[in-house]
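Coordinates in review
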Amino acid sequence: MIDQDEQIVRAVQAGRTEAFAELVSRHKDRVYAILLRLVGDPDTAEELAQEAFVRAWRGIGGFQGQALFGTWLVQIAIHLARDRMRERRRSRTVSLDELLERSADDSVLVDTRFRRDQLSEVSDNDMMKRLEAALGGLPPSYREVFVLHHIEDVPYEEIASMTGDSVGSLKVRAHRARKLLREAISPDAEFVAPEDVTD
Amino acid sequence: MDALFARYFDGDLNDREAREFLEAIAVDPRLEKELREFERVLALGKALPFPKAPAGFTERVMARISLEKKRETGPERKPFRLPVFGIRWAGVAVAAAAIVLAYIGGVYTARNRPVTPATTVTDISPGFANQAAAESGQRYVRLAYVPTNPSVEKVTVVGSFNNWDPEATPLRRQDGVWSTILVLAPGNYEYMFFENGARWVTDPLAVQTRDDGFGGSNAVLEVGT
């Protein structure tokens, strides 16, 4: 796939714009899936995924292959998602994301007890739904690293090169994400103390 | 212990640390349960359903790129070519048709003005058209299109005269025919019809077309003096 990507990129750079459709077909599901998990709603995910591909097309003439095309594309998508989440935070008066993130930023207590199910036996399917809901409720920076590293298997070093964050910072966020998600799916996990969620 | 959990899941423990961590887990049921819960989080994360991009995604992206490329490159504009006179009309039996009507104005006073984006006029009488054209030095050009698919709900004409803006120039449907009247300065233009904001259609009756670089063709419209 990677070698073929390089060939297609070269074809597009040589002026065969229609070959770009092949790159879209090959990468659309992954880019869409990442964006859907980062922004939470399908319409926004598609809008941003389209924008990511259009921006990649605009910049493909200068793409020298320092990174894989797929990595470069995901990098564009991540920055679009970050921009959108920042816009949301500016425009919304109250949102769960904002409350969680503000709580994290301000070292205010984050109460995850509302997510706990008192049932001790819950099916994997139900647990998956709970995890997905909890993932959507994480602060965006935690959600981002969990999605990329633990779901998409992107190494920390690669995420760091895409986002400009340090590997250490990414690992801290990943651990906090794991703890909050564990809280969310565990019926009797300990309460998350404020110092544990401060980014 | 919290830091050890973090480093354990990131693979950052050395051999000695890993052995000590696992020994601690083995003798402490609370820690062992905590480890299992973390492992379950990661396993569930991996097992989450993989959403796929919606149907038609690639086509929509390529439509946007096609539009950008048209805007970016733009067609060559030749200000004075063969005039367009009369009517091109294929009759009701054709699946799709374009009609170009050019009204000859009187005395043109601004023949060499630069081409500006088209003014769209959808309700206009020929008499007024003649008078207006005479005063402005521009021509009135009627574009008409009959889609092969009768369920089409929106048609726009997108071309060099409106900077390839897909929303700028809607066609109006009447008796199954989508049409609009453009006010254009003399010159050479390229255009395509755009159905439902998703499908590009070359004017099927265009006398002249030009490769659009995407495997399709733009219709070429010549508006004479």
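Residues numbered from 1 in each chain as written. Chains lettered and ligands numbered in written order. Predicted model: local features only at pLDDT ≥ 70, side-chain atom pairs only at ≥ 80, totals over all residues.

The phi dihedral of Asp153 of chain A is positive, around 60 degrees, even though this residue is not glycine. According to the C-beta neighbour criterion, Asp153 of chain A is exposed, with 9 such atoms within 10 Å. Unusually for a residue other than glycine, Asn196 of chain B sits at a positive phi of about 50 degrees. Here Asn196 of chain B shows up in the loop between strand S6 (187-195) and strand S7 (199-201). When the 13 C-beta atoms within 10 Å are taken as the criterion, Asn196 of chain B is described as partly exposed. (Buried ≥ 20, exposed ≤ 12 C-beta atoms within 10 Å, placed from the backbone. Helix = DSSP H or I, 4+ residues; strand = E, 2+ residues; numbered from the N terminus.)

With 32 residues of chain A at the contact, the number on the chain B side is 29 residues. For the side of chain A that touches chain B, the leading source of residues is helix H2 (residues 20-39) of chain A, giving nine residues. Class assignment for the residues of the side of chain A that touches chain B results in 18 nonpolar, six polar and eight charged. (Contact = placed C-beta atoms within 7 Å. Nonpolar A, V, L, I, M, F, W, Y, C, P; charged D, E, K, R; others polar.)

All names here are of chain A. It is the contact of H2 with helix H7 (residues 140-151), at a shortest axis distance of 9 Å, that shows an interaxial angle of 150 degrees. With respect to their mutual orientation, H2 and H7 come out roughly antiparallel. As H2 runs across H7, the sense of the crossing is right-handed. Contacts from Ile34, Arg37 and Leu38 of H2 reach H7 at Arg143, Glu144 and Val147. (Axes fitted to C-alpha atoms, helices over the stretch in contact; angles between N-to-C directions. Parallel < 35°, antiparallel > 145°, perpendicular 65-115°, else oblique. Left-handed = near helix turned anticlockwise from the far one by under 90°.)

Let us now look at the confidence of the model for chain B. Residues and elements named next belong to chain B. When the pLDDT values of chain B are averaged, the result is 72; 71% of them are 70 or greater. Every residue in residues 76-117 is under pLDDT 50, and counting partners more than four places away or in other chains gives 95 contacts. Predicted as a complex, the structure gets a pTM of 0.61 and an ipTM equal to 0.77. (pLDDT = per-residue confidence, 0-100.)

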